[in-house]
Amino acid sequence: MGASRLPVKNLIRRPGRTAALVLLTAFLALSVFGGSVVVRSLQSGLDSLQARLGADIVVLPGSARSKVDFQQLLLQGTAGAFYMDADALEKVNEVEGVAHAAPQTFLASLKADCCAVKVQVIGIDPEADFTVRPWIEKSYARTLSDMDLAVGCKVTANVGESLKIYDQNCHVVAKLAETGTGLDTAVYCDMATMKKLLAAAEAKGVSHKLESGNSDVISAIYVKVKNGYDIDQVMAKLNSHVRKTAAVRARSLFTGAADSLAGISRTVALLAGAVWVLAFVILLIAFAMMIAERRREFAVLRLLGTSQRGLSGLILAETALCSLAGSVLGVGVAAMLIFPFTALIESKLNLPYLTPGAGTILALAIATVAVTVLIGALASLYAARRLSRTDPGTTLREGA
């Protein structure tokens, strides 16, 4: 039997011991790879949301409960609506330091043909918008026209299909890229279409009129501050100049989400570190026990002419095979547990969740396998070093 086949033969000869080592390394790889994918997905989702927002300040109706409703709408796609007088846009543009101001109007549909639940309809001004329009343009080069819709990736309506909202037939012209946020369940239209939908909703008893009776309303104004102006100072001017509204710094809308993500990242990092240390200790013990059990076998190999270096290579080869098989198994199981259930994970975490691209996933998988094999190799080499201090003749005489 060739020396190259000896490690495989040894592993096959002791299936119980081999299975235990494979399962141990599989658990290690599953924990590290799964935790890394979840944390990376959360970070990607939050980065995507912040990039999609694209504004320095958001002006909301004073009655909108500022952060709570708006954050829920963006992060979890909660269907809802709040309104202020459309004249607020003109007053916002009058404030010194405002470079761009883009209005949006929200409408929660009771039921759409595409969905079994409510969907959020968001009206934008294609001429003024600088947040949603660049996102839409990646899928649809033209400007949204009357009764056209651009739908999020999770809305089950395809380009070319019709979508009925409050009995109004709308046309889906674009399917938008995934963001990992509640924006993926929303639909977007221009302001002319939104006015028709608001009127249709009013006819069904879903009122959006203000206490003043004014029906010309908007829900939020996204503000880009001019270069050289302090965002907090401009925000203070907006709060004092535009009545019955609340100007909120855009980044503060996601402070809670960012803090939650930081806490999750720290927890996962600590758990991953603990798993690595625990696995290394367990592998050390496992290999020490394995070598103690096989000391007569190794002593015979030494007496037959196997060098200490060759014996260490044999132990290292067995370990590498077990670690490789276990890490690949662990990564595979983690993938089966995570990727089919991304929507469930997102809903349970209540945070933006955007799975990284295939290249990032592959890099994480390769890194997990490589580090797992390295940990196993270090543990086995340490055990082999202890074995080298034992005289093979003494070992055989003790077992005689």
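The paragraphs below set out a description of the structure included in this document. (Residues numbered from 1 in each chain as written. Predicted model: local features only at pLDDT ≥ 70, side-chain atom pairs only at ≥ 80, totals over all residues. Heavy atoms only, no water.)

1. Some words on the overall build of the protein chain
Here comes step 1: Looking only at helices and strands, the protein chain has 13 helices and 11 strands in total.
Here comes step 2: When each of the 400 residues of the protein chain is scored for burial, the buried share is 46%.
Here comes step 3: Looking at the protein chain as shown, the accessible area adds up to about 19300 Å², and 58% of this sits on carbon and sulfur atoms. (Helix = DSSP H or I, 4+ residues; strand = E, 2+ residues; numbered from the N terminus. Buried < 20%, exposed > 50% of the residue type's maximum accessible area, 1.4 Å probe, protein only. Areas by Shrake-Rupley, 256 points an atom, 1.4 Å probe, with all protein chains shown as cover.)

2. Here we look at the layout of surface pockets
Here comes step 1: In this structure, the largest pocket encloses a volume near 470 Å³.
Here comes step 2: Residue lining of the largest pocket: 20 residues in total, with Tyr83, Met84, Asp85, Leu210 and Lys244 positioned closest to the centre.
Here comes step 3: Broken down by secondary-structure element, the contributors of at least two residues to the lining of the largest pocket are strand 2 (84-85) and helix 4 (88-94).
Here comes step 4: Of the residues contributing to the lining of the largest pocket, the split by class is seven nonpolar, six polar and seven charged. (1 Å grid on protein atoms, 1.4 Å probe; cavity = no way out; pocket = protein on both sides within 12 Å on 5 of 7 lines; lining within 4 Å. Points joined across faces, edges and corners; volume = space filled by probe spheres on them. Nonpolar A, V, L, I, M, F, W, Y, C, P; charged D, E, K, R; others polar.)

3. A short note on the pattern of salt bridges
Here comes step 1: Here the structure, examined in full by the defined rule, presents five salt bridges.
Here comes step 2: Across the pair Arg133 and Glu137 runs a salt bridge, and its minimum N-O distance is 3.9 Å. You can see Arg133 and its partner Glu137 sitting in helix 5 (residues 133-137), four residues apart, about one turn around the helix.
Here comes step 3: What makes Glu137 partly exposed here is its relative accessible area of 46%. (Salt bridge = Lys/Arg side-chain N within 4 Å of Asp/Glu carboxyl O.)

4. A short note on the nonpolar core
Here comes step 1: If you look at the biggest cluster of nonpolar residues, it comprises 25 residues, and the most contacted ones within it are Ile136, Ala150 and Tyr188.
Here comes step 2: Every element with two or more residues in this core is listed here: strand 1 (57-61), strand 3 (98-108), strand 4 (120-124), helix 5, strand 7 (168-175), strand 8 (186-190) and strand 10 (220-225).
Here comes step 3: When sequence neighbours within four positions are dropped, the list of residues in contact with Ala150 reads Ile136, Leu144, Ala174, Leu176, Ala186, Val187 and Tyr188. (Core = buried A, V, L, I, M, F, W, Y, C linked by side-chain atoms within 4.5 Å. Contact = heavy atoms within 4.5 Å.)

5. Concerning the packing of aromatic side chains
Here comes step 1: For the structure on display, the rule yields one aromatic pair.
Here comes step 2: Ring geometry for Phe82 and Phe106: centres 5.6 Å apart, planes at 85°, overall edge-to-face. Placement of Phe82 in the loop between helix 3 (67-76) and strand 2 and of Phe106 in strand 3 is noted, with a sequence separation of 24 residues between them. Here the two residues Phe82 and Phe106 agree in accessibility, since each one is buried. (Phe/Tyr/Trp six-rings, centres within 6.5 Å; stacked < 30°, edge-to-face > 60°.)

6. Observations concerning a negative patch on the surface
Here comes step 1: Residues Asp87, Glu90, Glu94 and Asp216 make up a contiguous surface patch of negative charge.
Here comes step 2: Position of Asp216 relative to the elements: it lies in the loop between helix 6 (191-203) and strand 9 (217-218).
Here comes step 3: Exposure remark for Asp216: the relative accessible area of 37% places this residue in the partly exposed category. (Patch = residues over 30% accessible without salt bridge, like charges linked within 9 Å, V, L, I, M, F, W, Y side chains within 5 Å. Lys, Arg positive; Asp, Glu negative; His and termini not counted. Charge placed at Lys NZ, Arg CZ, Asp CG, Glu CD.)

7. Focus on a nonpolar patch on the surface
Here comes step 1: On the surface, a cluster of nonpolar side chains totalling about 380 Å² of accessible area is made up of Val277, Val281, Ile285 and Met289.
Here comes step 2: Mapping Met289 onto the fold places it in helix 8 (residues 255-293).

8. Digging into the side chain of Thr372
Here comes step 1: For Thr372, the location among the structural elements is in helix 12 (residues 358-388).
Here comes step 2: In this structure the side chain of Thr372 is engaged in a polar contact, spanning 2.6 Å, whose partner is the backbone oxygen of Thr368. (Polar contact = N/O pair within 3.5 Å; in protein donor to acceptor, adjacent residues only side chain to side chain.)

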